[in-house]
Amino acid sequence: MDEVRALEEHERRLVFDTFSNDDAWELGSRLVALARERGAAVTIGIRRGAQRLFHCALPGTSADNDAWIARKSAVVEHYGESSFLVGARFRAKGRTFEDSSRLDPDRFAAHGGAFPIRVRGTGVVGVVAVSGLPQAEDHALVVEAVRWHLA
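Residues numbered from 1 in each chain as written. Predicted model: local features only at pLDDT ≥ 70, side-chain atom pairs only at ≥ 80, totals over all residues. Heavy atoms only, no water.

**Observations regarding the packing of helix 1 (residues 2-13) against helix 4 (residues 83-92)**
Item 1. The geometry of helix 1 relative to helix 4 is characterised by a closest axis approach of 9 Å and an angle of 155° between their N-to-C directions. If you check the angle between helix 1 and helix 4, you find them roughly antiparallel. As for how helix 1 packs across helix 4, the hand of that crossing is left-handed. Seen from helix 1, the contacting residues are Glu3, Val4, Leu7, Glu8 and Glu11; seen from helix 4, they are Phe84, Leu85, Ala88, Arg89, Arg91 and Ala92.
Item 2. In the contact of helix 1 with helix 4, the residues fall into 6 nonpolar, no polar and 5 charged. (Axes fitted to C-alpha atoms, helices over the stretch in contact; angles between N-to-C directions. Helix = DSSP H or I, 4+ residues; strand = E, 2+ residues; numbered from the N terminus. Parallel < 35°, antiparallel > 145°, perpendicular 65-115°, else oblique. Left-handed = near helix turned anticlockwise from the far one by under 90°. Contact = heavy atoms within 4.5 Å. Nonpolar A, V, L, I, M, F, W, Y, C, P; charged D, E, K, R; others polar.)

Here it is, written out as structure tokens:
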């Protein structure tokens with residue numbers, strides 16, 4: 001349950017005052033820079049609603065990473081919480097998301113890497129997502145970049 005609390009704390013603290021197209025560019029560019037510094041082969045996607053604001057596939061990625069971003073982002077849109085937190089809640093109850101959520105696993109993946117773009121006073125307006133690393137590392141990379149952006 002400590003993992004769930006830590007993930008919930010990320011979401012309580014990492015809230016935007018506003019989120020513009022320029023914010024998406026800055027956040028996405030920071031994620032690209034962090035990934036390149038670490039030699040991480042990741043795909044990065046940022047959406048506000050149905051609009052794609054940022055997308056970058058670094059060398060070593062494939063269309064499979066795009067599919068993972070879509071599936072993880074669908075979890076954020078459905079639950080209003082990070083894909084890692086949703087998966088952690090199922091694991092904390094001794095269940096799996098795939099067996100217990102009743103959602104199509106071809107469309108939804110509760111694996112780390114997709115994080116809600118939550119605007120204070122409005123709620124979730126979009127998703128920032130990374131795919132290519134183990135799920136905890138995907139999540140940590142997104143959280144690091146969002147913290148940087150909000151600082």
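**Quick notes on the nonpolar core**
Item 1. Core analysis: the largest hydrophobic core is formed by 27 residues, its most contacted members being Phe19, Leu27, Ile46 and Val128.
Item 2. A total of 6 residues in this core trace back to one element, the largest contributor, which is helix 2 (residues 21-38).
Item 3. Aside from chain neighbours lying at most four places away, what touches phenylalanine 19 is Ala24, Leu27, Ile46, Arg48, Leu53, Ile117, Val119 and Val125.
Item 4. Formed by 8 residues, the second largest nonpolar core is a distinct cluster that contains Val75, Val86, Phe97 and Ala110. (Core = buried A, V, L, I, M, F, W, Y, C linked by side-chain atoms within 4.5 Å. Buried < 20%, exposed > 50% of the residue type's maximum accessible area, 1.4 Å probe, protein only.)

**Points about the pairing of strand 3 (residues 114-119)**
Item 1. Taking burial as the measure, the 6 residues of strand 3 include 5 buried ones, the bulk of the element.
Item 2. Inspection of the sheet shows strand 3 paired to strand 4 (residues 123-131) by 6 bridges, in the antiparallel sense. Paired with arginine 118 across the two strands is valine 124, which belongs to strand 4. (Pairing = 2+ DSSP bridges.)

**Some words on the side chain of arginine 71**
Item 1. Along the polypeptide, arginine 71 turns up in helix 3 (residues 63-79).
Item 2. Buried charged residue arginine 71 carries no salt bridge. Nearest counter-charge: glutamate 98, at 5.8 Å.
Item 3. Ignoring anything within four residues of it in the chain, the contact list for arginine 71 reads Pro105, Asp106, Arg107, Phe108 and Ala109. (Lys, Arg positive; Asp, Glu negative; His and termini not counted. Salt bridge = Lys/Arg side-chain N within 4 Å of Asp/Glu carboxyl O.)

**Digging into the sheet that holds strand 4**
Item 1. Across the sheet, 4 strands lie side by side as 2-1-4-3; this open sheet has antiparallel pairing. Across the chains shown, the open sheet's two edge strands, defined by having one partner strand only, are strand 2 (51-57) and strand 3. The average undirected angle you get between the axes of adjacent strands in this sheet is 15°.
Item 2. Summarising the sheet, strand 1 (residues 43-48) and strand 2 pair through 6 bridges and their orientation is antiparallel. Across the sheet, residue glycine 45 finds its bridge partner in strand 2, namely histidine 55.

Without other data, these values stay purely geometric and don't point to any function.
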